Every structure is written in C-alpha cells, then in structure tokens.
Amino acid sequence: MPRIFIISNRVGVPSKSRGVHPGGLEVALRTTLRRHACVWMGWSGGVKPAGETETRTVTHGNNSYIVTDLSEEDYQEYYNGFANRVLWPILHYRLDLAEFSRRDLSGYLRVNQHFADRLDGVLAPDDVVWVHDYHLVPLARALRERGRENRIGFFLHIPLPPPEILTAMPNHEKLIPSLTDYDLVGFQTDGDAANFARYLAAECGMPAHIRQSFDPGRRVMRIGTFPVGIAAETFQRCARRAGRSTFVKRVVQSVPGAIIIGVDRLDYSKGLPLRLEAFERFLTANPQWRGQVTYMQITPKSRSDVPEYAEVERAMDAAAGRINSTYGDVSWTPVRYTNRPYSRTALAGLYRSARVALVTPLRDGMNLVAKEYVAAQDPADPGVLILSRFAGAAAEFGASTLLVNPYDPEAVGAAIARAIAMPREERAVRHVKLFEALKRHDVAAWGDRFLATLAESAEPQRRHEPVQPLGTREAARAGNAAKGATASFLAWRAAPPTLPPRSVRSP
C-alpha cells in the first residue's frame, strides 16, 4: 500500500511531555494520521553544531515520524531568517517588516534541499507526498530535480497576497513559480487561490482566468480551496464538560459581569494593540458597562527574540496597564492579560463562558479560534463572535458574525457594545447559521478531501480535460463529506493508475 508522507517544518511526535496545547497543524492532521499509514517528516526542533546533526525515526502505532536536526547556520538563515523575516511578513501583507538577505534565501533553499535528500532516501515511487506551509515552498522542485514523479501536494495554511505584493519580494521569480512543480496547490480561501492564479498569469504567462488546472508542460498542476475546519461536535461536547470544571467555575466567579475573550499567539499579524485600543474606545463611549464587562486576553509568547514581536509585547503591556489604571478600581480589573498557554480543554470551557469573542487579526489564513469559539457555545444562550473581515474564517461565516475592520478601533468598539447588548433571540439565530458553516467544513473531511483531489490528478484520462473553478462550495461537494473522499482515495491507494511519461519544465 502506498504511504502518505506529510512534510512540515515541525513534527507533532506523540509525547506526554510536549506541553498543553498542540499546534494547529497537528490538530488538523489527527484524522489523517488515524485513518492512514503516514510518515511525518520535518525539523526536530533541535539546533546542533555543523557536523553533529542527525536524523532519527520514531514509530507510534501505524505511523512513523522522521525528524532531522538543523545546524546553527541553517536555523538562523532558513527559519529565523527567510521563513520568519521575509515570507511570514510578506504573506501577511507586511512589506514594511520584511528584511531580505540573499544569505537567508540561500539557507532557505539549502534546508529544502536537505529535506529533499532525506525524503529521497525513503520515498517509494507510489508514495504520496503532502507538503505543508511556507517553510517548504520549493520542496517539490527539489524532488523533481532528483527524478521523483510521485504525486506531490502543497497546502498553504497562511494567506497568499496578490501579485502586486508578491512581486515586491526580491527573487520572487525563483520561489513562487516553483509551486508549479506540485500536482495540487491548496489554499484556505478562494481569494488566496485567485491571487495565486493572478500571479501565474502575470509572471508565468499562464491563463489569465482562474481555472482549476494549469498545464506548465505535460504535467498538470491543479489549484484548489480547502478551508481547514475543526471537529465541531467533538469540541462542543468538550466545552460542555469543561464549562463545569473547577478551573472554569473559579475564573467565572472571579469576574464581575460578562467576559470578552481573545486567544492569540503573540504576533504582529493578530492586531492585538489595536484590539486593546478598541476595548478602550468601548469603555470610553459606554460608561454604563464599566465594572460589568472584563476583557480576558490569553496570549502565549512566540519568537520572543524577533524585535517586532518584542515590540508587540511592550505595546500590549503598556496598553493593558494604561486601561487598568484609568478605568479599573479595587473591585474590577478591566483587562486580564496573560502570556500563559492553556490546554484546549481549558480554553473550550472559557470560550463557552464568554459572552463575546474578539478575533480581529490584521490578516489570517483561517483562524481556528473563531471556529472553536462558535463550537463551544451553548445553543440556547450563545455568545457573539466579532470577526475581522481579513481572517479566512470570514469567507465562511460572513454576516452571521459581527464583521469588523481591525484597523478601525472605534468601529470595533461599537461592535463590542452591540455584541454585549444583543438579545438572546438574535444570538441564537446567528449561532445556528454559524454552526451549520462549521459542519460543512469539518476537519474530519479536510485531509481526505485534499488527498482525494490529489489522487484525481493522477488519472490519465483527466489530465488535459477542461475544468471549472474549484471554489469553497465546489470543494465541499467534491469531497461529499469524508466518506466519499475517503473511498476515492483508498481506491486509488489500492490500485494506483499507471501514469504516462511526463516531462517537467520550469514555467
């Protein structure tokens, strides 16, 4: 049976001591890892002197985990440098924060070649390769250079900006077109997919209109939209139980009035200082709510050695202190701000207890916090989601949330006031629509839908067939929930088609 190779920057190796909150990728891949025999490969998280790095394999159940160390030079150039100082800000529309260095680009390409070498040594001809996120954009090209003709798919978990922004990145022509070496390139939203198609049209001479497939030679590259979801009903049950826990009860009892909650990694893309400013505008414009509403912001630290992140941390500390000193008293602290991480179970209980969730990133690929908050609510008395129109989740939730512009603190403050005062009947109607949207893109179907689409591109008779755009609704129908997609993929795994010879050329 062909194996599924999952390649990502970090690997979620099963362990009881890895901390309280698994990463979003690990949560999204749980169903795939449970249903299929997988090999997950990536960086171990270890940094060692050059010449002392090693690659090791861990087996857990039906799955294997291959992790490789990085040298200090590789870590600084590939991870701290190009991935986080160039790609992360540019893909989040922040050209002003990008710090380009040719040395970092060389390190980024070198580490991708390193991953390709490790993968080439264990990959069988009929294995399927699924590459995740911006750290590994050129991996397929590196594998093609080694003569690999496997089915290779790529999924971008973060946004993809329009070509007007992408082309501002030095040497973009060496990196972005390498995505055409994948058989399937997946995005969170139709807008991201459209931006990629526009880039290919402008820079690579491909068709100007959005199509599901492009043919940069004799090998077809397909584009698809695959919104990442959550296990909505499972999370709802978890939140129901967690809401009765001693921890959640103690938190709720310590807070006078309603809770407004925000849960975000400490990152400049989340718009956190602007969010605190919006809450301050709310307190100024609505003095009747003082003492009756508490804003609880949970923000685990990340990449603290990056100056821009340290600046966000200083801004948050200053803003929270200013608001609490200006509006608080001995019986009420307006802002509870903590950098401590909490388990998904604890967060589920806090979500369920919060009247309002503030999810206002400046730009986000999807944002699963928004989905978890909706899933956690009591349908009889649900809370209100205030959501940035620049989060990927806005494409699914739409007007059933309170959509806001995170760059406008006054408007966000007005949305807080509206959410706090919203009648139960209106909240319940909105929640029904939101939960229906959650179920349409349940995470249990996400991986199989992607893999089934990747498998379809291996069918010779469909390689040059005209196709229609693959949007969010079409992607959901194509999978026919998890059952149909799983059957299609398993059938292909059992009897993979024989592909005609194909030549791969750079666009």
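Student: So what's going on with the pairing of strand β2 (residues 38–48)? Which residues, and what values?
Tutor: Sheet topology note: the strand β1 (residues 4–10)/β2 ladder contains five bridges and is parallel. Note that in β2 the partner of I4 across the bridge is C38.

Student: Explain helix α15 (residues 409–421) to me, using residue names and the numbers behind them.
Tutor: A rise of 1.5 Å per residue sets the reference length of α15, with its 13 residues, at 18 Å; its end C-alpha atoms lie 19 Å apart and thus fit the reference within 8%. For α15, the complete set of buried residues consists of P409, V412, G413, A415, I416, A417, A419 and I420. On its buried side, α15 packs onto β10 (258–263), α10 (272–285), β11 (293–298), β13 (356–359), β14 (384–388) and β15 (402–404).

Student: I'd like a description of the pattern of salt bridges, backed by residues and values.
Tutor: Scanning the entire structure with this criterion turns up 32 salt bridges. Its salt-bridge partner being R265, residue D267 comes within 3.2 Å of it at the nearest N-O pair. Given a relative accessible area of 0%, D267 falls into the buried group. By sharing partners, the salt bridges in this structure join K48, E54, R56 and D69 into a single network.

Student: So what's going on with the packing of helix α9 (residues 246–253) against helix α12 (residues 344–353)? Residues and values would help.
Tutor: At a minimum axis separation of 9 Å, α9 and α12 run at an interaxial angle of 40 degrees. The orientation of α9 relative to α12 falls into the category oblique. Of the two possible hands of crossing, α9 and α12 adopt the one that is right-handed. Each of F247, V248, V251 and V252 in α9 lies in contact with α12, whose residues at this interface are A346, G349, L350 and S353.

Student: So what's going on with the nonpolar core? Residues and values would help.
Tutor: In terms of nonpolar packing, the biggest core is built from 93 residues, with F196 and F279 touching the most fellow members. With residues near it in sequence (within four places) discarded, F279 still touches I260, V293, Y295, I323, P334, V335 and I416. The next biggest cluster of nonpolar side chains, apart from the first, holds 38 residues, and it includes Y351, V359, V374 and L438.

Student: I'd like to hear about the environment of F196, residue by residue, with values.
Tutor: By the secondary structure assignment, F196 is in helix α7 (residues 190–204). Linking F196 and L166, residues 30 residues apart in sequence, is a C-alpha distance of 9.5 Å. Beyond its immediate sequence surroundings of up to four residues, F196 is in contact with L160, I176, L179, V185, F187, M221 and I223.

Student: Give me the lowdown on unusual backbone geometry, citing residues and values where you can.
Tutor: The bulk of non-glycine residues show a negative phi, and the bulk of peptide bonds are trans. Here the phi dihedral of Y93 falls at roughly 70 degrees; this positive angle occurs in a residue that is not glycine. Structurally, Y93 is set in the loop between α2 (72–91) and α3 (102–120). When its relative accessible area of 24% is taken as the criterion, Y93 is described as partly exposed. A positive phi angle, close to 80 degrees, is found at D133, a residue other than glycine.

Student: Give a description of the sheet that holds β11 that names residues and reports values.
Tutor: Strand pairing in a sheet takes place through backbone hydrogen bonds and is either antiparallel or parallel in direction. What the six strands build is an open sheet, ordered β12-β11-β10-β13-β14-β15; its pairing is parallel. Of all the strands in the sheet, just β12 (335–338) and β15 have a single pairing partner and so form its edges. The mean angle between the axes of side-by-side strands here comes to 20 degrees, regardless of whether they run parallel or antiparallel. In this structure, β14 lies alongside β15, joined through three bridges in parallel fashion. The residue bridging I386 from the neighbouring strand is L402, located in β15. Contacts from α10 reach β10, β11, β12 and β13, with the element oriented near 175 degrees to β11.

Student: Residues and numbers for the environment of H114, please.
Tutor: Along the chain, the position of H114 falls in helix α3. Owing to a relative accessible area of 18%, H114 belongs among the buried residues under this scheme. Beyond its immediate stretch of four places on either side in the chain, H114 contacts T68 and D69. There is a polar contact of 2.9 Å between the side chain of H114 and the side chain of T68.

Student: Describe in detail the confidence of the model for the chain, supporting the description with residues and values.
Tutor: For the chain, per-residue confidence averages 88 on the pLDDT scale, and residues scoring 70 or more make up 86% of the total. Confidence over residues 460–507 falls short of pLDDT 50; this stretch has 97 contacts with residues more than four positions distant or in other chains.

Student: Provide a residue-level description of the packing of aromatic side chains, including the pertinent values.
Tutor: Each aromatic ring pair is described using two quantities: the centre-to-centre distance and the angle formed by the ring planes. By the definition in use, this model includes 23 aromatic pairs. Here the aromatic rings of W43 and Y75 are separated by 5.6 Å at their centres, their planes lie at 45 degrees, and the arrangement is tilted. Here the residue W43 occupies a position in strand β2, and Y75 occupies one in helix α2, the gap between them amounting to 32 residues. According to the relative accessible area criterion, W43 is buried, its value standing at 4%. You can call Y75 buried: its relative accessible area is 17%. Taken together, a centroid distance of 5.1 Å and an interplanar angle of 45 degrees make the contact between F154 and Y182 tilted.

About the cut-offs
- Residues numbered from 1 in each chain as written.
- Predicted model: local features only at pLDDT ≥ 70, side-chain atom pairs only at ≥ 80, totals over all residues.
- Heavy atoms only, no water.
- Pairing = 2+ DSSP bridges.
- Helix = DSSP H or I, 4+ residues; strand = E, 2+ residues; numbered from the N terminus.
- Expected span 1.5 Å × (residues − 1).
- Buried < 20%, exposed > 50% of the residue type's maximum accessible area, 1.4 Å probe, protein only.
- Contact = heavy atoms within 4.5 Å.
- Salt bridge = Lys/Arg side-chain N within 4 Å of Asp/Glu carboxyl O.
- Axes fitted to C-alpha atoms, helices over the stretch in contact; angles between N-to-C directions.
- Parallel < 35°, antiparallel > 145°, perpendicular 65-115°, else oblique.
- Left-handed = near helix turned anticlockwise from the far one by under 90°.
- Core = buried A, V, L, I, M, F, W, Y, C linked by side-chain atoms within 4.5 Å.
- Polar contact = N/O pair within 3.5 Å; in protein donor to acceptor, adjacent residues only side chain to side chain.
- pLDDT = per-residue confidence, 0-100.
- Phe/Tyr/Trp six-rings, centres within 6.5 Å; stacked < 30°, edge-to-face > 60°.

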